[in-house]
Amino acid sequence: MAVIGLTILTNNPHFGMTRAALSSNKYKMPVPYELKKGQSRQFHKLPSGSNMEIIFQKGHPKIDEKPPLVFVHGSFHAAWCWAEHWLPFFFRHGFECYALSLLAQGESDASDGAVAGSLQSHAADVAHFIHKEIQLPPVLLGHSFGGLIVQQYIANVGNEKLQEMENRHPYIAGAVLICSVPPSGNSGIVWRYLFSKPVAAFKVTRSLAAKAFQTSLPLCKETFFSASMEDHLVLRYQKLMTESSRKPLFDLRKLYASLPLVKDHSMKILVLGANDDFIVDAEGLRETGRFYGVSPVCVEGVAHDMMLDYSWEKGAHVIQSWLNALDT
């Protein structure tokens, strides 16, 4: 029986998740995210005892046997980044939607240590939630470093060593990698930027490694959003991103030592990129596509934060079309 947290804020009369039990969470983001109509927030208790924030949208009578969608964010983000536009969009199109906040991100508990976890532990947390709470094989959607976590999950589906353990990785119906870090990591992107775009390399390093995006609105906009994004929205998301990550997702040195990932050609995968992405370049997108043997799709007019950008619906429509074709 799963241990799921009590909803602390809900705009959804159908808020109860399967096999729900009482649990609460102590941490609250200094900049709270107000849920949209029909959304709920609960906390999933992991084997470690830590609570993982889940924002979800479900219970609409039109939902049939479509696969549930489970969303995994990247660095400096949390479950809220999916709740803004894509959860309502996909729910309207008949999908149950669950957005997770990884440990030490959003309103999830913080794990011990200097970093939030490892590639393996984050994937195991996602697996535990799916194993305990999702009844149909879901589609996993991962953004940026969240895409690398999804790839780690894919690499361990059917892993016999994990099948007998609490953190086994259940089968999934497919995966969508959105502006994802490639399976070899982002070191190739860094080196390409250093040699071909040194000014951009400096800006990306200053923005992300030095966290200058938190204090510079123009740099935040250039890093995550397209030029057409309104400044008042950039400011709102900048505040949320600043408060979303209490610890880095990974120790990058240990992360690189665990790469590249194991290939799985049997999984149905959509590799989706953004034409105006300031972080993941076109070659990084092509590398991910080659690794999984698929042709990547690059969406025009959007930047790295495709799900929050001015034209967020462009990427959503591409994913919707791919989801509709899954069973054909």
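Everything that follows concerns the structure shown earlier in this document.
Described in the following lines is the structure provided in the data block. Computed from a predicted structure; not experimentally measured. (Residues numbered from 1 in each chain as written. Predicted model: local features only at pLDDT ≥ 70, side-chain atom pairs only at ≥ 80, totals over all residues. Heavy atoms only, no water.)

A short note on the pairing of strand β3 (residues 51-57)
For step 1, the next point in the chain: Within β3, seven of the seven residues are buried, leaving the element largely enclosed by the surrounding structure.
For step 2, the next point in the chain: As judged from the six bridges shared by strand β2 (residues 40-45) and β3, these two strands associate in the antiparallel manner. Across the sheet, H44 pairs through a bridge with M52, a residue of β3.
For step 3, the next point in the chain: Linkage of β2 to β3, two consecutive antiparallel strands, is achieved through a turn of five residues, within which G49 is found at a positive phi near 95 degrees.
For step 4, the next point in the chain: Sheet topology places β3 next to strand β5 (residues 97-100); four bridges connect them, and they run antiparallel. Residue pairing in the sheet places F56 in a bridge with Y98 of β5. (Buried < 20%, exposed > 50% of the residue type's maximum accessible area, 1.4 Å probe, protein only. Helix = DSSP H or I, 4+ residues; strand = E, 2+ residues; numbered from the N terminus. Pairing = 2+ DSSP bridges.)

Concerning the packing of helix α3 (residues 119-133) against helix α4 (residues 145-156)
For step 1, the next point in the chain: At a minimum axis separation of 9 Å, α3 and α4 run at an interaxial angle of 70 degrees. Classed by the angle they form, the pair α3 and α4 counts as roughly perpendicular. For the pair formed by α3 and α4, the contact residues are L119, Q120, H122, A123, V126, A127 and I130 on the first element and L148, I149, Q152 and Y153 on the second.
For step 2, the next point in the chain: For the contact of α3 with α4, the per-class residue count stands at eight nonpolar, three polar and no charged. (Axes fitted to C-alpha atoms, helices over the stretch in contact; angles between N-to-C directions. Parallel < 35°, antiparallel > 145°, perpendicular 65-115°, else oblique. Contact = heavy atoms within 4.5 Å. Nonpolar A, V, L, I, M, F, W, Y, C, P; charged D, E, K, R; others polar.)

Some remarks on the pattern of salt bridges
For step 1, the next point in the chain: For the coordinates displayed, the defined rule picks out 10 salt bridges.
For step 2, the next point in the chain: Residue R236 is joined to E84 by a salt bridge in which the shortest nitrogen-to-oxygen separation is 2.5 Å. Of this pair, R236 sits in helix α9 (residues 231-244) while E84 sits in the loop between α1 (80-83) and α2 (86-92); the two residues are 152 residues apart in sequence, bridging distant segments of the chain.
For step 3, the next point in the chain: According to the relative accessible area criterion, E84 is buried, its value standing at 8%.
For step 4, the next point in the chain: The partner of K203 in a salt bridge is E222, with the nearest N and O atoms 3.2 Å apart. In this pair, K203 sits in helix α7 (residues 198-209) while E222 sits in helix α8 (residues 217-224), placing the two residues 19 residues apart along the sequence.
For step 5, the next point in the chain: Through salt bridges with shared partners, one network takes in K36, E84 and R236. (Salt bridge = Lys/Arg side-chain N within 4 Å of Asp/Glu carboxyl O.)

Focus on the environment of Q238
For step 1, the next point in the chain: Relative to the assigned elements, Q238 resides in helix α9.
For step 2, the next point in the chain: For the pair Q238 and T215, spaced 23 residues apart in sequence, the C-alpha separation works out to 8.4 Å.
For step 3, the next point in the chain: Residues contacting Q238, with those up to four places away along its chain left out, are F213, Q214, T215, S216, L217 and C220.

Some words on the side chain of Q57
For step 1, the next point in the chain: Note on placement: Q57 falls in strand β3.
For step 2, the next point in the chain: Within the structure, the side chain of Q57 is placed 3.2 Å from the side chain of Q39, a separation counted as a polar contact.
For step 3, the next point in the chain: When residues no more than four places from it in sequence are discounted, the contact partners of Q57 are K37, G38, Q39, L87, P88, F91, F95, E96 and C97. (Polar contact = N/O pair within 3.5 Å; in protein donor to acceptor, adjacent residues only side chain to side chain.)

Some thoughts on the nonpolar core
For step 1, the next point in the chain: Core analysis: the largest hydrophobic core is formed by 57 residues, its most contacted members being F71, W80, W86, F90 and I319.
For step 2, the next point in the chain: Of all the elements, helix α12 (residues 312-324) adds the most residues to this core, at five residues.
For step 3, the next point in the chain: Among residues more than four places away in sequence, those in contact with F71 are W82, W86, L87, F90, C97, Y98, A99, L100 and L141.
For step 4, the next point in the chain: Grouped together as the second largest cluster of nonpolar side chains are 40 residues, V150, V181, I269 and F291 included. (Core = buried A, V, L, I, M, F, W, Y, C linked by side-chain atoms within 4.5 Å.)

Details of the side chain of S311
For step 1, the next point in the chain: Turning to its location among the elements, S311 is positioned in the loop between β9 (297-299) and α12.
For step 2, the next point in the chain: Residue S311 is classed as buried on the basis of its relative accessible area of 11%.
For step 3, the next point in the chain: Among residues more than four places away in sequence, those in contact with S311 are G301 and V302.

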